[in-house]
Number of protein chains: 2
Amino acid sequence: MGNWEANVRRVVPYTPGEQPKQKNIIKLNTNENPYPPAAGVREALNGITDDNMRKYPDPTADILVSKIAEKYNVSKEEVFVGVGSDDVLAMSFLTFFNSDKPILFPDITYSFYDVWADLFRIPYTTRPLDDEFNIVPADYICDNGGIIFPNPNAPTGVEMGQDSIEEIVSKNRDVVVIVDEAYVDFGAKSALPLTKKYDNLLVVQTFSKSRSMAGARIGFAIGDKKLIRFLNDVKFSFNSYTMNAPSLYAGVAALDDEAYFKKTVDMIVNTRERSKTRLSELGFSFADSMSNFIFAKHESANAKDIFAALKENGIFVRYFDKPRIDNYLRITIGTDDEMDKLFEFLEGYLK
Amino acid sequence: MGNWEANVRRVVPYTPGEQPKQKNIIKLNTNENPYPPAAGVREALNGITDDNMRKYPDPTADILVSKIAEKYNVSKEEVFVGVGSDDVLAMSFLTFFNSDKPILFPDITYSFYDVWADLFRIPYTTRPLDDEFNIVPADYICDNGGIIFPNPNAPTGVEMGQDSIEEIVSKNRDVVVIVDEAYVDFGAKSALPLTKKYDNLLVVQTFSKSRSMAGARIGFAIGDKKLIRFLNDVKFSFNSYTMNAPSLYAGVAALDDEAYFKKTVDMIVNTRERSKTRLSELGFSFADSMSNFIFAKHESANAKDIFAALKENGIFVRYFDKPRIDNYLRITIGTDDEMDKLFEFLEGYLK
């Protein structure tokens, strides 16, 4: 036995939400969309040819990049695509966060940020959310190595106003600021217009939530041409061909059906608002979510117990055993029918 | 304008082979397989459900990992999968090559190795191939931070014997040795059996060449359970869900059709051997390739000129403008018909 383990990069990996294999469960634990992808996605998969599979995909992912550029009214040179927004964010950490100064992100946020920082040996400092789970912009006006936060924030669902975002971006011109908009389509305002004004702002979005395409692994970033060029240099130093043929064609098809996108997003928003009412009636409180989930705690029942009871009854939600949020449940918005079953169970359980 | 560029990771990215968009070309430049994937791949894509696309894929990629384990007679815990072997190799560099001592690889080899080393700031030293393009095992018996080489080597196609591989692996138990077997299925012997004996050996393979699946982006590594666990820890610290639903199902289908795999590999090997004869007759010389390409130089004509003339006539091969190999062409083995057209052109051109 040799000593090769001495040179292994030791990390504590991110733990993704459970993907249970049993049937007939209600899955409200990983913020997936309860509705199928646009019908064109099915057609796109059927249209994949032997040649598409046999040959390397276009390394520039041009058909998908062009479609995103068209949809968001930017040039192709302002668009980067990756294997889900996690891939886009990992590449962004690797590309932009190379200072000796710590990067900043909220104490309660997407739990992958500190994992990427640890993986790439990037120093970081967290800034506490206030008691209503708001990000405090003033906390980010200081010497730092870069800034990242989701908007709406995860797992709280709370939206930060555009003025606050612009304040953070404009007062941090010496570092890259990443706004992770995985959930922005469910009613929050995107920072995309600010990318025209600030070359240090990168906005990241995903097809996994609002476009019902978590299984396709498509994420993208929009920002100044120079930012995107640096990002592509690193991507092409890591893996030339990240986007496979099915994801390229399926992604284009999803973007082509704007009407379906709007319809299903509206349905989820309506179900979310109805769910807020029902959860309040059941004794839950929560910050006002602008995402496809609600982060709630109960006035008397313990979150971990509710989580376990739900799971035992085939209803999966997400529970984070972490400081400040260990009495909360993150409940993904499913169909009306799924939510009714959740409320029915909770009504009995909490009685 | 701020100073954010100061903290950007600057790299010189790998340049992938051209993916020309015009029709009716003969594409012998990126070592793709000229035959379609197994028929089951088509069926697998047709079988992808809305639910497969809507939900996150299994982060452990269990169906694909299990099938690879079964096929190669190892346990699931000895298998790692990624978005093409480039993704597997990038993750491996990041995971295993963290010494202050330089890693070692041949001076003439896959041109991504130095790109990954630069990306991750890994020191490296190259070891020259001998004049017949053989790797010299003795050059790798020394203090180092890790070792990687392809077998057969790229772009030479030359196979290293198992004894030499075992010598390198056994005399370097303090570092991880990676054997990159992208081309092994075309007649070379795999080092896979050695993984049972040496816990510091990682063998990497791909679906892109012998299984006609470059468009699906599937690569895998086999090695000791401990190696694979470390690799998965890093992967789960980078992107939990790298393998999308289509690649998981298409990958399984490709592995299920062993007869087709053997048949098409045999066809390519037969065409390769016939091509060696014709190329010799045309005045080319080359080391004996065990891959799906031939790396050849002509007795009088200049490689760069032949490359340009071929391209102008719609025949794409690969040319590397690098020391020691700048008078060589790397010619992927196509169908018999494609190769005949190449030879026909060369016959006229070289007259």
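Conventions we followed
- Residues numbered from 1 in each chain as written.
- Chains lettered and ligands numbered in written order.
- Predicted model: local features only at pLDDT ≥ 70, side-chain atom pairs only at ≥ 80, totals over all residues.
- Heavy atoms only, no water.
- Helix = DSSP H or I, 4+ residues; strand = E, 2+ residues; numbered from the N terminus.
- Rg over C-alpha atoms; globule rule 2.2 N^0.38 Å.
- Buried < 20%, exposed > 50% of the residue type's maximum accessible area, 1.4 Å probe, protein only.
- Contact = heavy atoms within 4.5 Å.
- Areas by Shrake-Rupley, 256 points an atom, 1.4 Å probe, with all protein chains shown as cover.
- Lys, Arg positive; Asp, Glu negative; His and termini not counted.
- Charge placed at Lys NZ, Arg CZ, Asp CG, Glu CD.
- Axes fitted to C-alpha atoms, helices over the stretch in contact; angles between N-to-C directions.
- Parallel < 35°, antiparallel > 145°, perpendicular 65-115°, else oblique.
- Nonpolar A, V, L, I, M, F, W, Y, C, P; charged D, E, K, R; others polar.
- Buried area = accessible area lost by both parts, 1.4 Å probe.
- Salt bridge = Lys/Arg side-chain N within 4 Å of Asp/Glu carboxyl O.
- Polar contact = N/O pair within 3.5 Å; in protein donor to acceptor, adjacent residues only side chain to side chain.
- Left-handed = near helix turned anticlockwise from the far one by under 90°.
- Pairing = 2+ DSSP bridges.
- pLDDT = per-residue confidence, 0-100.
- Least-squares fit on C-alpha atoms with pLDDT ≥ 70 in both.

**Describing the overall build of chain A**
Point 1. Looking only at helices and strands, chain A features 11 helices and 12 strands.
Point 2. Taking 351 residues into account, the globule formula puts the C-alpha radius of gyration at 20 Å, and chain A, at 21 Å, falls close to it.
Point 3. The principal-axis extents of the C-alpha atoms in chain A amount to approximately 60 × 60 × 50 Å.
Point 4. Residues classed as buried in chain A amount to 63% of the 351 residues present.
Point 5. Within chain A, contacts between residues separated by at least 24 positions form 71% of all contacts whose residues are at least 6 apart in sequence.
Point 6. Accessible surface, chain A: about 12,700 Å² in total, of which carbon and sulfur atoms supply 47%.
Point 7. Treating the 41 positive side-chain charges of chain A as one cloud and the 51 negative ones as another, the clouds have centres 4 Å apart.

**Quick look at the packing of helix α1 (residues 39–46) of chain A against helix α1 (residues 39–46) of chain B**
Point 1. Two elements in contact, α1 of chain A and α1 of chain B, have axes separated by 8 Å at closest approach and are oriented at 175°. If you check the angle between α1 of chain A and α1 of chain B, you find them roughly antiparallel. Contacts between α1 of chain A and α1 of chain B involve Arg42, Leu45 and Asn46 of chain A from the former and Arg42, Leu45 and Asn46 of chain B from the latter.
Point 2. Partitioned by chemical class, the residues of the contact of α1 of chain A with α1 of chain B number two nonpolar, two polar and two charged.

**Side note on the interface of chain B and chain A**
Point 1. Opposite the 89 residues of chain B that make contact, chain A presents 89 residues.
Point 2. Here chain B packs against chain A, burying approximately 7,500 Å² in sum over the two surfaces, 57% of which is carbon and sulfur.
Point 3. On the chain B side of the contact with chain A, Trp4, Tyr56 and Phe238 of chain B bury the most area, a combined 12% of that side's loss.
Point 4. At the boundary of chain B and chain A, one finds six salt bridges.
Point 5. The salt bridge involving Asp62 of chain A is made with Lys21 of chain B; its shortest N-O contact spans 3.7 Å.
Point 6. At the boundary of chain B and chain A, one finds 49 residue pairs in polar contact (both at pLDDT 80 or more).
Point 7. Counting residues per element, the ones that place at least two in the side of chain B that touches chain A are α1, α2 (50–54), α4 (84–96), α5 (113–119), α7 (225–235) and α8 (245–256) of chain B.
Point 8. Looking at the side of chain B that touches chain A element by element, the count peaks at seven residues for α4 of chain B.
Point 9. Residue composition of the side of chain B that touches chain A, grouped by class: 45 nonpolar, 23 polar and 21 charged.

**Examining the packing of α1 of chain B against α8 of chain B**
All names here are of chain B.
Point 1. As a packed pair, α1 and α8 sit with axes 8 Å apart at the nearest point and diverge in direction by 150°. In terms of their interaxial angle, α1 and α8 are classed as roughly antiparallel. Handedness of the crossing formed by α1 with α8: right-handed. Contact with α1, carried on its side by Gly40, Val41, Ala44 and Leu45, involves Pro246, Tyr249, Ala250, Ala253 and Ala254 of α8 and no other residues of that element.
Point 2. Of the residues contributing to the contact of α1 with α8, the split by class is eight nonpolar, one polar and no charged.

**Side note on the sheet that holds strand β12 (residues 329–332) of chain B**
Residue and element names in this part refer to chain B.
Point 1. On the basis of which strands lie adjacent, the open sheet formed by three strands has the order β9-β10-β12 and antiparallel pairing. Two strands in the sheet have a free side with no partner beyond their single neighbour: β9 (284–286) and β12. Along the sheet, successive strands turn relative to each other by an average axial angle of 45°, direction set aside.
Point 2. For strand β10 (residues 293–298) and β12, the ladder comprises four bridges, and the chain directions are antiparallel. Pairing of Phe293 across the sheet is with Thr332, part of β12.
Point 3. Where helix α11 (residues 336–350) meets the sheet, it contacts β9, β10 and β12, and its direction lies at approximately 150° from that of β12.

**Some remarks on the sheet that holds strand β9 (residues 284–286) of chain A**
Residues and elements named next belong to chain A.
Point 1. Pairing is antiparallel across the open sheet formed by three strands, whose spatial order is β9-β10-β12. Two strands bound the open sheet, and with one partner strand each, they are β9 and β12 (329–332). Across the sheet, the axes of successive neighbouring strands diverge by a mean angle of 45°, strand direction being ignored.
Point 2. Direction of pairing for β9 relative to strand β10 (residues 293–298): antiparallel, over a ladder of three bridges. Considered in β10, the bridge of Phe284 is made with His298.
Point 3. In the packing of helix α9 (residues 258–281) onto the sheet, the strands contacted are β9, β10 and β12, and the crossing angle to β9 comes to about 130°.
Point 4. Sitting on the sheet, helix α10 (residues 303–312) is in contact with β9, β10 and β12, with an inclination near 40° to β12.

**Points about the confidence of the model for chain A**
Parts of the model with low pLDDT should not have their predicted coordinates read in detail.
Point 1. When pLDDT is averaged along chain A, the result is 97, and 100% of the positions lie at 70 or above.
Point 2. Two numbers describe this predicted complex: its pTM, 0.97, and its ipTM, 0.96.

**Overview of the pattern of salt bridges**
Point 1. The final tally for this structure, using the stated rule, is 54 salt bridges over all chains.
Point 2. Of the charged contacts in the structure, one is a salt bridge between Lys67 of chain A and Glu70 of chain A, with a shortest N-O distance of 4.0 Å. Of the two residues, Lys67 of chain A and Glu70 of chain A both sit in helix α3 (residues 62–71), three residues apart, roughly one turn of that helix.
Point 3. Look at Glu70 of chain A and you get exposed, because its relative accessible area is 58%.
Point 4. Notably, a salt bridge pairs Lys311 of chain B with Glu18 of chain B, separated by 2.9 Å at the nearest N-O pair. Here Glu18 of chain B lies in the segment before β1 (26–27) and Lys311 of chain B lies in helix α10 (residues 303–312), a separation of 293 residues in the sequence.
Point 5. By relative accessible area, which is 32% here, Lys311 of chain B ends up partly exposed.
Point 6. Within the structure, one salt-bridge network assembled from shared partners comprises Lys21 of chain A together with Asp58, Asp62 and Lys76 of chain B.

**Concerning the environment of Phe320 of chain A**
Residue and element names in this part refer to chain A.
Point 1. Relative to the elements of secondary structure, Phe320 occurs in the loop between β11 (315–316) and β12.
Point 2. Spatially, the C-alpha atom of Phe320 lies 9.6 Å from that of Ser111, the residues being 209 residues apart in sequence.
Point 3. Ignoring sequence-local partners within four residues, the contact set of Phe320 consists of Ser111, Pro155, Phe295, Ile325, Asp326 and Arg330.

**Remarks on the environment of Tyr124 of chain B**
Residues and elements named next belong to chain B.
Point 1. In this structure, Tyr124 sits in strand β4 (residues 124–127).
Point 2. Considering only alpha carbons, one finds Tyr124 and Pro102, 22 residues apart in sequence, at a separation of 4.2 Å.
Point 3. Residues within four places of Tyr124 in sequence aside, it is in contact with Pro102, Ile103, Phe105, Asp114, Ala117 and Asp118.

**Description of the side chain of Thr271 of chain A**
Point 1. Turning to its location among the elements, Thr271 of chain A is positioned in helix α9.
Point 2. Those residues within four positions of Thr271 of chain A in sequence are excluded, and the remaining contacts are Tyr35, Ile333, Gly334, Thr335, Asp336 and Met339 of chain A.

**As for the environment of Val79 of chain B**
Residues and elements named next belong to chain B.
Point 1. Looking at the element boundaries, Val79 is found in strand β2 (residues 79–82).
Point 2. For the pair Val79 and Lys21, spaced 58 residues apart in the sequence, the C-alpha separation amounts to 36 Å.
Point 3. Aside from chain neighbours lying at most four places away, what touches Val79 is Val65, Ile68, Ala69, Val74, Ala221, Ile222 and Ile228.

**Overview of the side chain of Arg9 of chain B**
Point 1. Mapped onto the secondary structure, Arg9 of chain B falls in the segment before β1.
Point 2. Of the side chains with opposite charge, Asp118 of chain B comes closest to the buried, unpaired Arg9 of chain B, at an N-O distance of 9.7 Å.
Point 3. Within the structure, Arg9 of chain B has its side chain in polar contact with the backbone oxygen of Leu94 of chain A (distance 3.0 Å).

**Considerations on the relation of the copies chain B and chain A**
Point 1. Overlaying chain B with chain A gives an RMSD of 0.0 Å, the required rotation being 180° about an axis along which the chain moves by 0.0 Å. Look at the turn and shift together and you get a two-fold axis relating the two. Relative to the rotation axis, the C-alpha of Asn46 of chain B is the closest in chain B, positioned 2.8 Å from it.
Point 2. Comparing interface residues between copies, 100% of those in chain B also lie at the interface in chain A; the contact surface is shared.

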